[in-house]
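# Coordinates in review
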Amino acid sequence: MKRSLLMTAMAIALFSCESQPTAIPTAPVTNATPKPIVVQEQAIAKVSLVEEKPVSVLSKTDTKETDAKVGMGLHVADTVRTQGKGKTQIEFDNGIGFRIGGNSSVQIKPNNRLNLTEGKMITWVKPGLKVPTEISTAYATAAIRGTTAFVEIPKDINKGIRFFSWEGTVVVKLANQSNEIILLTGEEIIVKPNSTTPPVVRRLTLNEWKEISKTSELLRSFDAPLPTQTVIDNLLPGQASLTQTPPAK
């Protein structure tokens, strides 16, 4: 009897041990934060010519300027700067382009806007395209679309910012006035700081037009011709386009 009871107790104990679930080791818990995925912003423009140095680019992600090189990609918020005799040409994927001369600085803004803070620049849209583009300064903004415009900020800002149409129609919006000023080929205005009267539009004479067309630094001093050069060469002051009859001389 005792032996029977002992055998029964041993069987129950053995069954209890076998029925216990096997412990599964768990991975240690960590508080590590997953690294964010960095998406590289796509360039919208590139340096197409470095005619003379120094030319530099200040990226929004850098704290110091980098020497510009042909083919370098440019992004929104990048600033292109020239010093001394430096000259460069920038071309956008959508057909916009600009050139700047020595001691000039331009920042690329969203929606085809270019902010000129010093120096001079010539801006164009390739023939056949109608891309709305703006060149902004502290006192006025030039809007172009399928045209070529020139803007110059002098060292002495009190002399006024020059807006000039190389070809087509350029619309100038003054910062402190609601009116817009329309410039046709060969016409210019000088916008002085805080002036309460609209600037007077001046049209170049034919002799002035011929002379400036030959000697303009940003127009003629680059090895490659301006994309709109052929159009400019066939226009006269006051003519909005090649299809319009030239004004009387």
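Below you will find a few notes about this structure. Just so you know, these numbers come straight off a predicted model, no measurement behind them. (Residues numbered from 1 in each chain as written. Predicted model: local features only at pLDDT ≥ 70, side-chain atom pairs only at ≥ 80, totals over all residues. Heavy atoms only, no water.)

### Here we look at the packing of aromatic side chains
Note the cut-off: Here is the rule: rings of Phe, Tyr and Trp (six-membered ring for Trp) pair when centre to centre is within 6.5 Å. Planes less than 30 degrees apart are stacked, more than 60 are edge-to-face, and the remainder are tilted. Burial classification: accessible surface area is computed with a 1.4 Å probe over protein chains only, and a residue below 20% of its type maximum counts as buried, one above 50% as exposed, and the rest as partly exposed. We count a charge as sitting over a ring when the NZ of a lysine or the CZ of an arginine lies within 6 Å of the ring centre and within 35 degrees of the ring normal.
Counted by the stated rule, this structure contains 4 aromatic pairs. Look at Phe-92 and Phe-98: their rings are 6.4 Å apart centre to centre, the planes differ by 45°, and that puts the pair in the tilted class. The two residues Phe-92 and Phe-98 agree in class, both being buried. Judged by centre distance (5.1 Å) and plane angle (90°), the ring pair of Phe-164 and Trp-166 falls under edge-to-face. Owing to a relative accessible area of 1%, Phe-164 belongs among the buried residues under this scheme. A network of ring pairs unites the aromatic residues Phe-164, Trp-166 and Trp-209 as a single cluster. Of note, Arg-99 hangs over the ring of Phe-222, and the distance from its end group to the ring centre comes to 4.1 Å.

### So, the environment of Val-172
The following threshold applies: Put simply, DSSP H or I for four residues or longer makes a helix, DSSP E for two residues or longer makes a strand, and each gets a number counted from the N terminus. Should any heavy atoms of two residues lie within 4.5 Å, those residues are considered in contact.
Relative to the assigned elements, Val-172 resides in strand β14 (residues 170–174). Among the residues examined, Val-172 registers a relative accessible area of 0% and is labelled buried. Val-172 sits 32 residues away from Ala-140 along the chain, and the two C-alpha atoms are 6.7 Å apart. When residues no more than four places from it in sequence are discounted, the contact partners of Val-172 are Ala-140, Thr-141, Ala-142, Phe-163, Asn-179, Glu-180, Ile-181, Leu-183 and Ile-189.

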